[in-house]
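Residues per chain, in single letters:
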Amino acid sequence: MSGLLRRMRDALAVPAGNPELLKAQYRAIARQMPMMYFILVSSSWAVSATHMSLAPPWLTVAMPSLLTLVCAVRVVHWRRSGNADPTPQAALRELRRINRLAFGIAIAFTAWSLMLFPYGDAYTRSHLAFYMAITVIACIFSLMHLRPAALIVTVIVNGAFVFFFASTGRPTFVATAINIALVSLGMLAILTVNYRNFARMVNAQTEARRRDAAQSRLLRMIDDMPVAVMTLDPGTFNINYVNETSKSLIRSIEHLLPIKADALLGASVDVFHRHPEHQRRILSDPANLPHNARIRLGPEVLDLKVSAITADDGSYLGPMLTWAIVTKEVEAESRIRQLAHFDTLTGLANRAAFREKLDAELRGRPGTLGLLFIDLDGFKLVNDTKGHRVGDELLRRVADRLRAVCDVPGVTIGRLGGDEFAVLVPTGGAAELEDFAARIIQALSPAYTLEHNHQAQIGVSIGIALAPAHARTGETLLARADIALYATKEAGKGTYRMFCEDMETRIQEWARLQARLREALEENEGLFVFYQPILDVRTQKVTAREALVRWHHAQRGWVSPGEFVPIAEQSGLIDALGQFVLNTACRDAAAWTDGARVAVNVSVAQLGKGTLVPAVLAALAGAGLPADRLEIEVTETAILDDAHSGIDELRRIRDLGVRVALDDFGTGYSSLTHLRAFPFDKIKIDGSFVKDAVQRPESAAVVRAIADLGKRLGVTTVAEGVETRAHLDRVVEEGCREVQGYFYGRPAPSERDAAAVEALNRALRAGLPA
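Residues numbered from 1 in each chain as written. Predicted model: local features only at pLDDT ≥ 70, side-chain atom pairs only at ≥ 80, totals over all residues. Heavy atoms only, no water.

**Q** Which residues make up the overall build of the chain, and what values go with them?
**A** On a plain count of helices and strands, the chain comes out with 26 helices and 22 strands. Its C-alpha radius of gyration of 56 Å places the chain more than 25% over the 27 Å reference for a compact globule of 770 residues. Seen through its principal axes, the chain has C-alpha atoms that stretch 175 × 65 × 50 Å. Out of the 770 residues belonging to the chain, those deemed buried represent 45%. Within the chain, contacts between residues at least 6 apart in sequence are counted, and of these 65% link residues at least 24 apart. Side-chain charges of the chain comprise 86 positive and 83 negative groups, with the mean position of each set lying 13 Å from the other. (Helix = DSSP H or I, 4+ residues; strand = E, 2+ residues; numbered from the N terminus. Rg over C-alpha atoms; globule rule 2.2 N^0.38 Å. Buried < 20%, exposed > 50% of the residue type's maximum accessible area, 1.4 Å probe, protein only. Contact = heavy atoms within 4.5 Å. Lys, Arg positive; Asp, Glu negative; His and termini not counted. Charge placed at Lys NZ, Arg CZ, Asp CG, Glu CD.)

Here you go:
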């Protein structure tokens with residue numbers, strides 16, 4: 001019962017869930033309500049007229065007048081507010097008011113009709129029945145868009161009519177009641193169908209307006225988008241929509257098209273293509289979409305993206321084109337590709353691109369492949385002494401010569417970095433590669449005339465490796481070509497070497513020594529400083545002792561400094577090794593009672609980095625050694641390799657009070673230039689001149705010239721390599737002030753290390769592990 005009552009209540013209430021339907025109901029009711037009131041009033045006065053002489057005046061005059069007044073008030077209301085566009089809330093309030101009024105008016109008119117029924121004859125009663133029937137029909141048609149109100153009127157008026165007439169018991173009235181009941185049911189069915197259709201129509205109109213609004217917003221958005229958009233008719237390929245961005249972009253390239261921007265709408269899309277057949281095939285079939293393409297239009301590049309526009313049912317409405325002028329982006333992409341694959345300085349393939357090519361060749365080529373690893377000898381000197389601008393120009397000239405000599409099909413040239421180049425050669429064998437390497441050396445070795453008349457002379461060293469003989473992967477092939485290059489440099493530079501297994505064995509030994517040297521430095525084990533005296537030939541007193549580093553390897557015994565010092569220089573261990581020698585030498589010298597100075601050699605790898613001055617200060621402070629008792633020895637090669645920064649660092653050391661000596665004088669380039677560039681405190685004549693001075697007059701003349709130069713400059717000269725009495729007599733005769741060599745003493749450990757060194761030597765002699 002409660003469910004039935006709830007359904008009846010819902011059927012007689014105004015639905016509030018659809019705002020647009022409420023507003024449509026209000027507008028429809030507002031048009032029809034005045035007519036409904038007119039029908040009610042006119043019909044009521046017609047009934048009143050037929051009963052005027054039969055019924056009392058309060059029924060025939062007063063009641064119709066009251067009902068007319070109520071209807072007139074409502075007609076005036078609807079005349080004033082019927083054309084308004086109400087809000088959904090206002091419409092709902094008004095419709096609910098109509099619902100309530102329908103209840104009252106139905107009861108009033110029904111009650112009035114039934115009260116008149118007893119006063120008439122058969123004709124007036126028939127008129128009354130007709131009145132009630134047409135009143136219901138008028139109300140149902142007038143209130144058909146507000147179903148609850150129409151239901152209320154029908155139920156009240158016809159329900160009362162059917163009940164009342166059926167209860168009379170007269171066959172005519174009973175038949176009339178049944179007839180009215182059936183007509184009412186039919187009209188209610190029609191009412192329900194019409195109301196449902198009305199609601200659907202309103203919803204469809206609402207949806208259409210929503211879609212129109214959405215489409216309008218979309219078109220406004222597309223018009224305002226910074227992306228150019230066009231749509232086409234799929235049948236004619238004519239442009240049927242163009243947004244403002246499209247027009248603006250077209251105006252910028254109108255000179256390249258046979259059409260103006262303002263004439264695009266309705267024009268064929270073929271204007272963008274010289275041969276449009278292919279594009280038409282793509283655009284006509286949605287299965288080809290989405291589609292991306294780039295179109296070149298004169299100097300400009302257009303980026304085109306095409307997508308399919310479909311209806312709700314999936315049917316193809318046509319293609320939508322979004323496009324942009326991407327000329328600058330294409331140029332930038334090309335530049336990025338260039339930077340990613342080519343060296344910016346020389347235009348050759350860079351390391352990454354060369355490696356890709358190498359790997360690809362190794363995967364796809366069944367024959368022999370040769371790799372030439374090229375290093376420029378002396379490039380660093382040119383770059384440091386003449387500047388990076390000249391160095392860059394030299395690298396470009398080297399690249400040009402490489403292109404000329406390697407202008408052979410299938411050959412790839414790359415710059416791996418710095419002054420290192422690589423050439424990939426499809427070859428028949430080792431002999432052909434060696435001949436090719438010789439031609440490269442011949443082409444790159446002649447002097448270069450650079451801008452501003454700069455002259456540059458460099459050499460070329462080449463390491464060669466073959467695939468698959470030496471390696472089957474790019475990484476291994478490069479590594480073995482690099483090993484061959486290292487062997488070339490060891491052999492004296494300016495030539496080439498083919499990789500062999502012995503080279504790799506030497507490199508592996510080098511790596512093992514490097515690792516063991518690193519351990520020795522970290523653990524302070526096996527490293528010693530030996531000292532060789534330097535004497536004044538007139539007083540025979542020791543003026544200084546040169547500190548010489550020595551290393552005892554647990555398996556190999558004593559390793560030559562000529563072997564492990566280059567390893568330290570190339571592996572970055574030289575600073576730690578130099579610091580060890582400097583600290584030990586200063587500490588030992590502080591304990592000498594004769595006041596002799598200690599001389600410490602500085603490697604080229606230690607100069608120019610800004611670390612030497614702090615290291616000297618720390619060593620002096622840690623040992624408590626006066627600065628004038630320390631000598632720093634540098635070779636001409638060290639200054640030559642890093643002239644400007646190296647000399648500046650030596651000046652700062654000399655300003656501390658530390659003496660600076662030029663070692664191995666006469667063996668380097670421009671020796672006199674170095675004496676002029678820096679005020680050395682001592683010159684050490686290379687031992688090769690001293691040994692030859694006894695037998696060769698020209699060597700004796702060199703010793704004499706250097707000694708005389710030292711006297712004139714006020715610089716002490718030391719003759720190195722004095723091993724015999726004859727050597728001593730000759731250098732004294734030529735004017736040398738100090739001497740150093742085996743004649744006066746071999747390098748020996750400090751008193752602190754003497755016992756440990758002797759124990760190591762005994763173990764070596766006995767063949768025991770140290």
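**Q** Can you tell me about the side chain of glutamine 740, naming the residues and giving the values?
**A** Its place among the elements puts glutamine 740 in the loop between β21 (738–739) and β22 (748–749). A distance of 2.6 Å separates polar atoms of two side chains, one belonging to glutamine 740 and the other to glutamate 546. Those residues in contact with glutamine 740, other than ones at most four positions away along the chain, are Gln532, Pro533, Ile534, Glu546, Lys684, Val718, Ala719, Glu720, Gly721 and Val722. (Polar contact = N/O pair within 3.5 Å; in protein donor to acceptor, adjacent residues only side chain to side chain.)

**Q** Which residues make up the sheet that holds strand β8 (residues 420–426), and what values go with them?
**A** To summarise the sheet geometry, strands pair through backbone hydrogen bonds and adopt either a parallel or an antiparallel arrangement. Reading across from one edge, β7-β8-β6-β11-β12 is the order of the 5 strands in this open sheet, with mixed pairing throughout. Each edge of the open sheet carries a strand with a single partner, namely β7 (412–417) and β12 (496–498). The sheet shows a mean angle of 20° between the axes of neighbouring strands, taken without regard to direction. Inspection of the sheet shows strand β6 (residues 369–377) paired to strand β11 (residues 459–467) by 9 bridges, in the antiparallel sense. Across the sheet, leucine 371 pairs through a bridge with alanine 465, a residue of β11. (Pairing = 2+ DSSP bridges. Axes fitted to C-alpha atoms, helices over the stretch in contact; angles between N-to-C directions.)

**Q** Which residues make up the packing of aromatic side chains, and what values go with them?
**A** One pair of aromatic rings is described through two measures. These are the centre distance and the angle between the planes. Following the criterion strictly, the structure yields 6 aromatic pairs and no others. Between the aromatic rings of tryptophan 112 and tyrosine 131, the centroid separation amounts to 5.9 Å while the plane-to-plane angle is 85°, which identifies the pairing as edge-to-face. Highlighted residues: tryptophan 112 in helix α4 (residues 88–116) and tyrosine 131 in helix α5 (residues 122–142), separated in sequence by 19 residues. The burial state of tryptophan 112 is the same as that of tyrosine 131; both residues are buried. Taking 5.2 Å as the distance between ring centres and 90° as the angle between the ring planes, the aromatic pair formed by phenylalanine 743 and tyrosine 744 counts as edge-to-face. Classification of tyrosine 744 by relative accessible area gives partly exposed; the value is 23%. An aromatic cluster of three or more residues is present, and its members are Phe528, Phe530 and Trp558. The ring of tyrosine 448 has arginine 401 lying over it, and the distance from NZ or CZ to the ring centre is 3.5 Å. The cationic tip of arginine 545 hangs over the ring face of tryptophan 592; the distance from NZ or CZ to the ring centre is 4.6 Å. (Phe/Tyr/Trp six-rings, centres within 6.5 Å; stacked < 30°, edge-to-face > 60°. Lys NZ or Arg CZ within 6 Å of the ring centre and 35° of its normal.)

**Q** Could you give me a rundown of a nonpolar patch on the surface, with the residues and numbers involved?
**A** On the surface, a nonpolar cluster with roughly 360 Å² of combined accessible area is contributed by Leu66, Leu69, Val70 and Val73. Relative to the elements of secondary structure, leucine 69 occurs in helix α3 (residues 57–81). (Patch = residues over 30% accessible without salt bridge, like charges linked within 9 Å, V, L, I, M, F, W, Y side chains within 5 Å. Areas by Shrake-Rupley, 256 points an atom, 1.4 Å probe, with all protein chains shown as cover. Salt bridge = Lys/Arg side-chain N within 4 Å of Asp/Glu carboxyl O.)

**Q** An account of the environment of alanine 49 is needed here, citing residue identities and associated values.
**A** By the secondary structure assignment, alanine 49 is in helix α2 (residues 19–50). The sequence separation of alanine 49 and threonine 60 amounts to 11 residues, and the corresponding C-alpha distance is 7.4 Å.

**Q** Which residues make up the environment of arginine 629, and what values do they have?
**A** By the element assignment, arginine 629 lies in the loop between α19 (612–623) and β17 (630–635). Taking the C-alpha atoms as reference, arginine 629 lies 8.7 Å from cysteine 586; in sequence the two are 43 residues apart. For arginine 629, the contacting residues outside a window of four places in its chain are Ala589, Ala590, Trp592, Gly595, Ala596, Arg597 and Val598. In this structure the side chain of arginine 629 is engaged in a polar contact, spanning 2.8 Å, whose partner is the backbone oxygen of alanine 589. In this structure the side chain of arginine 629 is engaged in a polar contact, spanning 2.9 Å, whose partner is the backbone oxygen of alanine 596.

**Q** Break down the nonpolar core for me, with residues and values.
**A** Counting 67 residues, the largest nonpolar core has Val598, Val616, Leu630 and Ile632 as its most contacted members. Of the residues forming this core, the biggest block, 8 residues, is contributed by helix α18 (residues 574–590). Ignoring sequence-local partners within four residues, the contact set of isoleucine 632 consists of Leu582, Val600, Val602, Val616, Ile653, Val658, Arg659, Val660 and Ala661. (Core = buried A, V, L, I, M, F, W, Y, C linked by side-chain atoms within 4.5 Å.)

**Q** Which residues make up the pairing of β7, and what values go with them?
**A** In terms of burial, β7 is largely enclosed, as 5 of its 6 residues are buried. Following β7, the chain reverses through 2 residues before pairing antiparallel with β8; glycine 418 in that reversal takes a positive phi of roughly 55°.

**Q** Hey, could you go over the packing of α2 against α5 for me, with residue numbers and the actual values?
**A** Axis angle and axis distance: for two packed helices, these are the angle between their axes and the distance between the axes, and together they describe the pair. Viewed as axis vectors pointing N to C, α2 and α5 meet at an angle of 175°, and their least axial separation amounts to 9 Å. Of the possible angle classes, the one that applies to α2 and α5 is roughly antiparallel. In this structure, α2 uses Ile29, Gln32, Met36, Ile39, Leu40, Ser43, Ser44, Ala46, Val47 and Thr50 to contact α5, whose residues at the interface are Thr124, His127, Leu128, Tyr131, Ile134, Thr135, Ala138, Cys139, Phe141 and Ser142. (Parallel < 35°, antiparallel > 145°, perpendicular 65-115°, else oblique.)

**Q** Outline the pairing of strand β13 (residues 527–536), supporting the account with residue identities and numerical values.
**A** A regular strand places its side chains on the two faces of the sheet in alternate fashion. β13 sits mainly inside the fold: 10 of its 10 residues count as buried. Burial along β13 is two-sided: Leu527, Val529, Tyr531, Pro533 and Leu535 and Phe528, Phe530, Gln532, Ile534 and Asp536, pointing in opposite directions, are all buried. With 9 bridges joining them, β13 and strand β14 (residues 542–553) adopt antiparallel strand pairing. Paired with proline 533 across the two strands is arginine 545, which belongs to β14. Hairpin connection from β13 to β14: 5 residues lie between these consecutive antiparallel strands, with glutamine 540 at a positive phi of about 60°.

**Q** Just give me the short version of the packing of α4 against α5, but keep the residues and values in it.
**A** One way to put it is that α4 packs onto α5 with a least axis distance of 10 Å and a crossing angle of 170°. Here α5 runs roughly antiparallel to α4, going by the angle between their axes. Mapping the contact onto sequence places Phe109, Thr110, Trp112, Ser113 and Leu116 in α4 and Leu128, Tyr131 and Met132 in α5. Class assignment of the residues belonging to the contact of α4 with α5 gives a composition of 6 nonpolar, 2 polar and no charged. (Nonpolar A, V, L, I, M, F, W, Y, C, P; charged D, E, K, R; others polar.)

**Q** Outline the side chain of glutamate 631, listing residues and values.
**A** Here glutamate 631 shows up in strand β17. The class for glutamate 631 is buried, based on a relative accessible area of 1%. A polar atom in the side chain of glutamate 631 sits 2.9 Å from the side chain of arginine 597. With residues up to four places along the chain from it excluded, the contact list for glutamate 631 reads Arg597, Val598, Ala599, Val600, Arg659 and Lys682.

**Q** Tell me about the state of the cysteines, and please be specific about residues and values.
**A** Summed over the entire model, instances satisfying the criterion amount to 0 disulfides. Sulfur of cysteine 71: no disulfide; nearest cysteine sulfur belongs to cysteine 139 and is 9.1 Å away. In this structure cysteine 139 comes out as buried when scored by relative accessible area, which is 4%. (Disulfide = S-S within 2.5 Å.)

**Q** Explain the sheet that holds strand β4 (residues 300–310) to me, using residue names and the numbers behind them.
**A** The sheet built from 5 strands is open, its strands ordered β2-β1-β5-β4-β3 with antiparallel pairing. Only two strands of the sheet have a single neighbouring strand rather than two, namely β2 (239–242) and β3 (291–297). Looking at each pair of strands side by side, their axes are set apart by 25° on average, direction ignored. In this structure, strand β1 (residues 228–232) lies alongside strand β5 (residues 316–325), joined through 4 bridges in antiparallel fashion. Bridged to alanine 228 within β5 is tryptophan 323. Helix α8 (residues 244–252) contacts β1, β2 and β5 of the sheet and is inclined by roughly 50° relative to β5. Sheet strands in contact with helix α9 (residues 277–284) are β1, β3, β4 and β5, and its direction is about 130° off that of β5.

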